[in-house]
Amino acid sequence: MALKMKMESIRLAGLLFCLTPVAAAVAQTAGPVEVVAASQDTGANADTYRVVVTGARSEMRLKDTPQRIEVVTRKEIEQTPHHDLADLLDKTANVDIKQYPGMNAAVSVRGYTPSSPMVGESWQTLFLQDGIPAIKDNIGLIPSQGAARVEVLRGPSSALYGAQAMSGVINVIPVRRTGDLQGGVGVSVGNFKHRSVQADIGGALTPWLNLDYFGSWQKQGDYKSGDGTRWNNSAATQYSHGLRLGFELAPGWTLDARADVARGDDVGNPGAWSEYDGKPTVKDVKRDLYSAKLKGVMGQHALSAAVYSGKETNTTYKAPPSGQRPLDFDAKITWQGAQLKDEWTWADGYKLVYGVDYDQTKAGSVSYLFGPATVYNPDSKLQTTAIYAQQHMAFNNDQTNVYVGGRYDRFKLSTLPTALLPNNTPQSRTFNQFSPSAGIKHYFTPMVAVHASAGKGFMAPSAWKLAGDYSTFSNYRGNPNLKPESSRSADIGVTLEQPDWNVDLTFYDTRVKDKIVSYKYQEAGKGYTSWINADQARMRGLELTAGWDINPNLKLGLGYTHSLRAESESKGVWKDLEYVPKHSARLTLDGNWDKLHTRVGARYTGKATKSAFFADWSSTTKQYPGYTLWDASVAYRFLPNHTLSFSVDNLFDKYYESVPGYAMPGREFKLGYRWDFK
């Protein structure tokens, strides 16, 4: 124990070294350094893809980042036919998708199994909205309409973001318009009784007040799959609203207040799971996120403070033919938090980013699957307090960029009083976690660069696995000695860049240990289920991204991932991780002329190991074949403020299932019209 505490002290000292007086002394000798305020305009015309913020929690040129970050631009978001954020990422980024019909999907990167955890459990990929935790359960509730860009950071990011950033971070950067007022209204219709309305407005109202508003409403009827089968109970109604009010408090100081709400009403759930008890289901889902962020510049420091509060609910009903809607499942998650950050440019080419994060999440759920209300686990709460620091250094006229940093998290996990578990005794446990990281990118020539990064990630155990003591269908007892699942990952790659083309090839290797698994035991003649750290996993692969500006009007994009190894070990037996394809690829061809914009895209998802339990009521796990899907879109601006568009998703009407037993929609087409004003 003493050795463990000593090691924690050494690690913490290493983190605090970044904040030692040595840095201050160098800053004093370097003289004053001008701090450039963060770019305020992230509107439709902003050149945002050249600067990213996710990899450093600070603005940094994309070409200088050692980590691998893909950027989905606003133009790609507008031109790519997609249902939700997961579908958009599947078509534009190197990620793995596990997608169901009805606003339900999971996303992961670099060989981790894309999984939808139980309510209140941690994800392996962290989703953010402008650096703030965006969701805790359903990524289908993150709208893409008001996004300026989406940044996809591949690799462990716990050194900056803590738990849930084990495989990577996906950060949706919202539009922020501060110039002349602009906006528009759009409508669309399509097959499967699709119709939608979208509207937005943004810009300055006064010299000190600006805003952005994005709203959308969409209604969809039952769809047909590629084999012509109509899937009843697959209709849905969705809408979202996002409002930002920006206040220019003083030169260099801004305050943004945001409110984002999203709803899904009567979202049908066709497929295997809906027939679990012989009855189809529909659900109502909600997400509310409110935040305020203060940013400003003071000498060599770019300061920011943020507070946020969010809530998600998922209420599922059985939907028998009689039209009655008895409850099937009800879940609620709430979260609140605050962030403090300083970007200290203490010398030319040297920036220290450090700060404090606090987050509190509460979760609970009730099941009505077998009639009376029951719970699978007690309500829970997770409180996290963390400090982090990351030092960035640029040498050799910016030819060499280096970062080193770490984060120290202190967790408190608690089970809470739960009405349906009167005999449960609420408990709490605390533990600490340190996560280091480092990276380098060096240009040998203006054309050739090498990059490498390494880091540690982790995923906190659920409160009821750590501190639970309750009975539902069985008796459960938490293990207070559980450790977080942790990973060590490294990558190395080479980048070739020219003004009209670029290629990057990266090799990654990840090892996961202390995976949490359940086990059963007897005590005093009574059976219990508990959890231990037992399993491990390893993932290894190659990632290729490339772009070619064929001419000023045509651009070709390519992404490819080859999974060399993605497997987990349990009791000495290694098995392939599920939903991780051996090969995946995407290809896009974008055309942009004065009045005409076109896009053709293709994505290939290779064969992967999947469980067929809900498809054929067996426990069979086997490899399923891959599939290729195409999409296309065209938009024509026939007057200065008027645009007609036409898009087709699943162009060749392919029958496919991302999850066995859940047929996805066949060919979908939409005809749209938009009026803009500036």
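Everything below is about the structure printed above this text.
Here, residues in each chain are numbered from 1, in the same order as that chain's written sequence. Selection of residues for local features in this predicted model requires a pLDDT of at least 70, selection of side-chain atom pairs for listing and counting requires 80 or more, and totals for whole chains, interfaces and linings are taken over all residues. The side-chain figures draw on all heavy atoms in the structure; neither hydrogens nor water molecules are used.

## Considering the overall build of the chain
What counts as a helix is a DSSP run of H or I of at least four residues, what counts as a strand is a run of E of at least two, and both are numbered from the N terminus. Along the chain, the regular secondary structure elements total 7 helices and 38 strands. Considering the chain as a whole, with its 678 residues, one finds that 53% of them fall into the buried category. Look at the contacts in the chain between residues 6 or more apart in sequence, and 63% of them connect residues 24 or more apart. Here the chain displays about 29400 Å² of accessible surface, and carbon together with sulfur accounts for 59% of that area. A simple rule labels every residue: compare its accessible area, found with a 1.4 Å probe on the protein chains alone, to the largest value its type can have, and call it buried under 20%, exposed over 50%, or partly exposed in between. Contact definition: two residues touch when any of their heavy atoms are within 4.5 Å. For every accessible area listed, the method is Shrake-Rupley and the probe measures 1.4 Å; residues are considered covered only by the protein chains on display.

## Regarding the environment of Phe 646
Residue position: Phe 646 is located in strand S37 (residues 642-649). Note: C-alpha distance between Phe 646 and Val 634 (12 residues apart in sequence) is 5.4 Å. In this structure Phe 646 touches Ala 632, Ser 633, Val 634, Phe 669, Lys 670 and Leu 671, once residues within four positions along its chain are discounted.

## Things to note about the pairing of strand S27 (residues 485-498)
Any two strands with at least two DSSP-identified bridges between them are counted as paired. When strand S24 (residues 448-459) meets S27, the two strands line up antiparallel, connected through 12 bridges. By the bridge assignment for S27, His 451 is matched with Gly 493. Looking at chain direction, S27 and strand S28 (residues 501-523) are connected through 13 bridges and run antiparallel. Bridging across to S28, Ser 489 finds its partner in Thr 510.

## Considerations on the nonpolar core
To qualify as a nonpolar core, a set must consist of buried Ala, Val, Leu, Ile, Met, Phe, Trp, Tyr and Cys residues joined through side-chain atoms within 4.5 Å. Of all hydrophobic cores here, the largest spans 24 residues; its most connected members are Leu 85, Leu 89, Val 95, Val 107, Phe 127, Ile 139 and Val 150. Secondary structure elements with two or more residues in this core: helix H4 (85-92), strand S5 (104-108), strand S8 (147-154) and strand S9 (168-174). It is H4 that provides the largest number of residues to this core, a total of 4 residues. Leaving out residues up to four positions away in the same chain, Leu 89 has contacts with Val 95, Val 107, Val 150, Val 152 and Ile 170.

## Here's the deal with the packing of aromatic side chains
Note on aromatic pairs: the rings of Phe, Tyr and Trp (six-membered ring only in Trp) are paired at centre separations within 6.5 Å, and the planes decide the class, stacked below 30 degrees, edge-to-face beyond 60, tilted for the rest. Scanning the entire structure with this criterion turns up 14 aromatic pairs. Measuring from centroid to centroid gives 6.1 Å for Trp 630 and Phe 652, while their planes differ by 85°, and the two rings are edge-to-face. Residue Trp 630 is found in strand S36 (residues 627-639), and its partner Phe 652 is found in the loop between S37 and strand S38 (668-677); the two are separated by 22 residues along the sequence. The ring of Trp 574 has Arg 538 sitting right over it, with the charged end atom 3.7 Å from the ring centre. Definition used: whenever NZ (Lys) or CZ (Arg) falls within 6 Å of the ring centre and also within 35 degrees of the ring normal, the charge is taken to sit over that ring.

## A look at the sheet that holds S8
Within a sheet, each strand pairs with its neighbour through backbone hydrogen bonds, oriented either parallel or antiparallel. On the basis of which strands lie adjacent, the open sheet formed by 5 strands has the order S3-S8-S9-S6-S7 and mixed pairing. For this open sheet the edge positions go to strand S3 (68-73) and strand S7 (132-133), each flanked by a neighbour on one side alone.

## Looking at the pattern of salt bridges
Where charged atoms from two side chains of opposite charge come close, those side chains can pair. Salt bridges, as used here, are contacts in which a Lys or Arg side-chain nitrogen is within 4 Å of a carboxyl oxygen on Asp or Glu. On inspection of all chains with the given rule, the structure shows 42 salt bridges. With its nearest N and O atoms 2.5 Å apart, the salt bridge here joins Glu 70 to Arg 154. Note that Glu 70 is positioned in strand S3 and Arg 154 in strand S8, a separation of 84 residues in sequence. Of the two residues, Glu 70 and Arg 154, both sit in the buried class. Two residues, Asp 288 and Arg 263, come together in a salt bridge whose shortest N-O distance is 2.9 Å.

## Digging into unusual backbone geometry
One non-glycine residue, Arg 110, lies in the positive phi region at around 55°. Structurally, Arg 110 is set in the loop between S5 and strand S6 (125-129). The backbone phi angle of Asp 653 is positive, close to 55°, even though this residue is not glycine. Inspection of the secondary structure assignment puts Asp 653 in the loop between S37 and S38. Classification of Asp 653 as partly exposed rests on a relative accessible area of 26%.

## Details of the pairing of strand S23 (residues 428-443)
Of the pairings in the sheet, the one linking strand S22 (residues 400-415) to S23 comprises 15 bridges and is antiparallel in character. Across the sheet, residue Tyr 403 finds its bridge partner in S23, namely Gly 439. Here S23 runs beside S24; their pairing, made up of 7 bridges, is antiparallel. From the neighbouring strand, Lys 441 faces S24, where its bridge partner is His 451. Counting the residues that bridge the hairpin from S23 to S24 gives 4 residues.

## Structural notes on a positive patch on the surface
Only residues whose relative accessible area exceeds 30% and that form no salt bridge are eligible for patches; like-charged ones are grouped when within 9 Å, while nonpolar side chains (Val, Leu, Ile, Met, Phe, Trp, Tyr) are grouped when within 5 Å. We count Lys and Arg on the positive side and Asp and Glu on the negative side, and we leave His and both chain ends out. Throughout, a charge is located at the NZ atom of Lys, the CZ atom of Arg, the CG atom of Asp or the CD atom of Glu. There is a patch of like positive charges on the surface, built from Lys 193, Arg 195, Lys 219, Lys 224 and Arg 230. Mapped onto the fold, Lys 219 is located in strand S12 (residues 209-220). Of the residues examined, Lys 219 reaches a relative accessible area of 31% and is grouped as partly exposed.

## Considerations on the environment of Val 448
Mapping Val 448 onto the fold places it in strand S24. Among the residues examined, Val 448 registers a relative accessible area of 25% and is labelled partly exposed. Sequence spacing of Val 448 and Thr 495 is 47 residues, and the spatial spacing of their C-alpha atoms is 5.9 Å. Aside from chain neighbours lying at most four places away, what touches Val 448 is His 442, Tyr 443, Val 494, Thr 495 and Leu 496.

## Section: the side chain of Thr 316
Within the secondary structure layout, Thr 316 lies in strand S18 (residues 301-318). Judged by its relative accessible area of 11%, Thr 316 falls in the buried class. Every residue in contact with Thr 316, bar those within four places of it in the chain, is listed here: Thr 281, Val 282, Lys 283, Leu 327, Asp 328 and Phe 329.

## Some points on the environment of Trp 464
Checked against the element boundaries, Trp 464 lands in helix H6 (residues 463-467). According to the relative accessible area criterion, Trp 464 is buried, its value standing at 3%. Remark: the alpha-carbon pair of Trp 464 and Gly 478, spanning 14 residues in sequence, is separated by 6.0 Å.

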